[in-house]
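Each chain, letter by letter, is given below.
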Amino acid sequence: EFSTTQDWQAVDIKMMDIRFFGDPCNSVERMYVGLEDDSGSSSYAEIQYLNPNDLQRVNWQVWQISLGDFSGVDLSGIKKIYIGFFPILVELKMK
C-alpha cells in the first residue's frame, strides 16, 4: 500500500515488469498482480501470469504487463499493488 495515492498517468507509465527467479522445487501456482485505486476494493483489477511452469525454470524471468490491461482501475489514483500466488496473497506496502 502506498502512503499517498500514485498518479501513474501523470508520469506516463505504460508497463510494469515483474522479475522472478524460478526453482524446480516450486509448486506450479497461479501467479497474479492486482491493482486497486483510491476508491476502494470495488476498484480492483487483476492480471494472471500465463506460464505457471516458469516458476520452476532455474533462471530469471521477466513478466511484462501493460497497465492498459488493468480495466476498471483509475491509473491516476493507485493506492495498492498486490502480488500473489494462488491461494497465497502478498500485499506490498510502499512509501
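Residues numbered from 1 in each chain as written. Predicted model: local features only at pLDDT ≥ 70, side-chain atom pairs only at ≥ 80, totals over all residues. Heavy atoms only, no water.

Let's talk about the pattern of salt bridges
Taken as a whole and assessed by the stated rule, the structure comprises 4 salt bridges. Between Lys-14 and Asp-12 there is a salt bridge, with the nearest N and O atoms lying 2.9 Å from each other. (Salt bridge = Lys/Arg side-chain N within 4 Å of Asp/Glu carboxyl O.)

With respect to a nonpolar patch on the surface
Taken together, the side chains of Phe-21, Val-58 and Trp-60 make up a nonpolar region of the molecular surface, amounting to roughly 370 Å² of accessible area. Topologically, Phe-21 is positioned in strand β1 (residues 15–21). Residue class for Phe-21 comes out partly exposed when judged on its relative accessible area of 44%. (Patch = residues over 30% accessible without salt bridge, like charges linked within 9 Å, V, L, I, M, F, W, Y side chains within 5 Å. Areas by Shrake-Rupley, 256 points an atom, 1.4 Å probe, with all protein chains shown as cover. Helix = DSSP H or I, 4+ residues; strand = E, 2+ residues; numbered from the N terminus. Buried < 20%, exposed > 50% of the residue type's maximum accessible area, 1.4 Å probe, protein only.)

Some remarks on the nonpolar core
Counting residues in each nonpolar core, the largest one holds 20 residues, and the members touching the most others are Trp-8, Met-16, Val-33, Leu-35, Trp-63, Ile-65 and Phe-70. Of all the secondary structure elements, the ones that give two or more residues to this core are β1, β2 (31–37), β3 (44–48), β4 (60–66) and β5 (78–85). Look past the residues within four positions of Val-33 in its chain and what remains in contact with it is Met-16, Ile-18, Ala-45, Glu-46, Ile-47, Trp-63, Ile-65, Phe-70, Ile-81, Tyr-82 and Ile-83. (Core = buried A, V, L, I, M, F, W, Y, C linked by side-chain atoms within 4.5 Å. Contact = heavy atoms within 4.5 Å.)

Read these as geometric descriptors, not functional statements.
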